[in-house]
Amino acid sequence: MQVPKKRRRLAITGVAVAALAATGLTFASANQALAEEGCKVDYKVVSSWGSGFQANVTITAQEPINGWELKWNFPSGTTVSSAWNVSYTQSGTSFTGKDVGWNGSIASGQSKEVFGFIGSGSSATPAQFTINGDVCNGTTQPPTSEPPTSDDPTGNPGGGDKVDNPYTGAQVYVNPIWSANAAAEPGGDAIADEPTAVWLDRTSAIYGNGSPTTGSMGLEDHLDEALAQGADVIQVVIYNLPGRDCAALASNGELAADEIDEYKNDYIDPIVDIMGQAKYADLKIVNVIEIDSLPNLVTNVAPRATATANCNTMKANGNYQDGISYATAELGSLPNTYNYLDAGHHGWIGWTNNDPQYDNFHSSADMFGTLIGMNGMTADDVQGFITNTANYSVLEEPYWNVDQVVGGKAINQNPDVKWVDWNAYNGEIDFATAFRQELVSNGFNSNIGMLIDTSRNGWGGDYRPTGASTSTNPVTFVDESRIDQRYNKGNWCNQAGAGLGERPQASPEPGIDAYVWIKPPGESDGASEEIPNDEGKGFDEMCDPDYGGNIRNNNNPSGARDDMPLSGHWSSEQFQELLENAYPPVN
Ligand code: BGC
């Protein structure tokens with residue numbers, strides 16, 4: 001297993017980023033040190049602004065290099081404030097950068113852009129470079145100017161500017177492992193070329209661990225395959241927080257509550273190193289960051305009756321915020337990544353209430369806002385948020401509204417209607433739209449976009465109503481009118497009767513960047529009964545069809561399918577039911 005060395009990153013200040021955005025990139029120069037001893041170093045300043053600059057470093061080998069240690073002296077006062085794809089130290093003016101494993105080998109005659117960094121101070125090219133002790137040259141050529149290209153005003157070959165919505169006009173990567181599973185099912189061909197996400201659900205998944213969840217493909221294999229497909233966008237799920245999934249057991253992960261260093265060093269840093277390789281510069285990498293985590297620290301902690309011991313622990317140790325802000329900052333520092341943070345779904349976060357005891361909506365947005373500034377994370381590191389990941393909540397209820405008056409009272413003011421229970425929202429579109437605004441009020445950029453996971457929220461099939469009920473009894477009215485067939489919106493595991501939802505598509509609604517299939521349909525949410533395993537996965541009663549529920553689903557039956565394998569493992573039966581109950585139907 002490749003274990004890259006620790007990567008360091010300090011914050012690029014908001015001022016520097018703003019200055020960069022305001023001026024565009026002022027110039028690009030390619031300064032070369034000519035080789036005398038079998039190597040050549042290009043120190044290319046791709047942008048500079050008042051206080052700093054970005055440089056990319058390319059090594060050309062005349063003889064094969066297997067592992068490099070590159071040294072130079074900066075002009076005095078110049079320091080590296082962040083860097084990628086390099087393990088570096090700086091002492092005074094002296095800089096030493098080492099390869100991070102995958103970028104260590106350079107064949108004879110090959111030129112490889114090996115790393116990049118943000119510096120503060122002078123962007124003048126150092127006078128001399130040494131690689132593994134050999135001087136590459138003592139002289140530098142005069143700077144040559146590179147005019148900006150028309151599609152990239154920066155002149156930066158990889159592009160540094162992120163687009164507002166990465167899904168616009170994009171071909172999105174089809175995961176061949178999921179696609180093969182889908183195609184092998186009767187009728188599965190019809191959807192087998194839909195894009196689904198690649199889940200990095202534990203450290204070994206980065207490298208390919210042969211499990212049914214990830215198959216033999218590691219992250220780099222998927223990214224290479226995305227290039228081979230000619231894809232513009234690939235979707236990756238970052239999902240390995242310490243003390244993961246604190247209110248449930250089926251997806252508890254490999255890292256204990258206090259293993260935050262392992263999360264940063266062994267999980268996030270290698271992902272950043274792989275995604276940052278120059279060959280992926282033109283691939284837009286969407287990172288869906290940490291499902292079902294932060295909202296748990298609002299809704300499932302003391303003094304609420306819904307509290308769990310694990311969520312109390314994670315709230316007290318702060319490792320969710322530490323891990324998520326670190327991941328977002330580190331991934332956000334790459335020019336080709338698009339971060340979307342997980343924001344639950346309307347049936348979880350949709351309660352707006354003036355009393356914080358009962359409010360999930362404002363308190364969750366507020367919690368997200370507190371991440372800004374932690375671990376150098378800025379608002380610019382966040383392209384948006386995603387709702388309904390791996391859940392079953394509908395986009396909208398077509399036949400009724402939550403504030404509709406039935407039997408003399410608004411439905412969402414009527415304590416008898418447990419399905420709504422004062423929730424202000426009736427579906428993901430309204431919720432995501434409103435939550436987007438609330439997040440902007442809490443410090444996120446005004447152009448953030450939302451994603452909604454529609455992989456399993458279709459609710460078609462025989463039980464789907466075709467119009468509103470005529471009952472004047474509010475409970476009967478809601479039960480007969482709603483398309484979501486669950487017992488309760490708190491039910492999340494392998495819901496019987498669910499169908500595929502809207503096919504993935506860009507910009508379906510204002511403020512919504514895309515409908516996406518993040519949870520790959522056919523992959524289980526959790527085992528129906530205890531199954532011993534080495535994936536760190538526990539047994540959650542919410543996945544047992546005979547379980548009568550708990551306070552988090554208002555003591556309703558779990559609604560889960562029977563005979564289901566471990567979370568992430570394939571279920572033909574579930575896949576076939578999703579296909580059959582798809583809405584819109586699959587032809
Ligand atoms: C599981 C992961 C799996 C993912 C996608 C999660 O619930 O814990 O192992 O990769 O679902 O199916």
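Keep in mind it's a predicted model, so treat the numbers as computed, not measured.

## Some details on the state of the cysteines
A full pass over the atoms with the stated rule returns 2 disulfides. The residue that forms a disulfide with cysteine 246 is cysteine 311, at a sulfur-sulfur distance of 2.0 Å. The sign of the 95 degrees torsion about the S-S bond sets the cysteine 246-cysteine 311 disulfide as right-handed. Here cysteine 246, found in the loop between strand S14 (233-238) and helix H4 (260-275), pairs with cysteine 311, found in helix H6 (residues 309-317); they are 65 residues apart in sequence, far enough to count as distant. Residue cysteine 246 is classed as buried on the basis of its relative accessible area of 3%. Note that cysteine 493 is cross-linked by a disulfide to cysteine 543, the S-S spacing being 2.1 Å.

## Side note on the nonpolar core
Ranked by size, the top nonpolar core spans 70 residues in total, and within it Ile238, Phe368 and Phe385 carry the most contacts. A total of 8 residues in this core trace back to one element, the largest contributor, which is H4. The contacts of phenylalanine 385, once residues within four sequence positions are left out, are Tyr340, Leu341, Ala343, Phe368, Leu439, Phe444, Ile448, Gly449, Met450 and Leu451. Counting residues in each nonpolar core, the second largest holds 26 residues, with Val41, Ile65, Val86 and Ile131 among its members.

## Side note on the UniProt feature "binding site: substrate" (unreviewed entry) in the chain
Per the UniProt record, "binding site: substrate" (unreviewed entry) is annotated on Trp199, Asp201, His345, Trp348, Asn391, Trp492, Lys519 and Glu523. Tracing the sequence through the fold places tryptophan 199 in strand S13 (residues 198-200). Looking at tryptophan 199, the relative accessible area reads 13%, which means it is buried. Among all residues touching tryptophan 199, those that are not within four sequence positions of it are Ala205, Thr214, Val237, Tyr239, Ile291, Ile518, Lys519 and Pro520.

Parameters at a glance
Residues numbered from 1 in each chain as written. Predicted model: local features only at pLDDT ≥ 70, side-chain atom pairs only at ≥ 80, totals over all residues. Heavy atoms only, no water. Disulfide = S-S within 2.5 Å. Helix = DSSP H or I, 4+ residues; strand = E, 2+ residues; numbered from the N terminus. Buried < 20%, exposed > 50% of the residue type's maximum accessible area, 1.4 Å probe, protein only. Core = buried A, V, L, I, M, F, W, Y, C linked by side-chain atoms within 4.5 Å. Contact = heavy atoms within 4.5 Å. UniProt positions renumbered as here; feature names shortened; annotations may be inferred.

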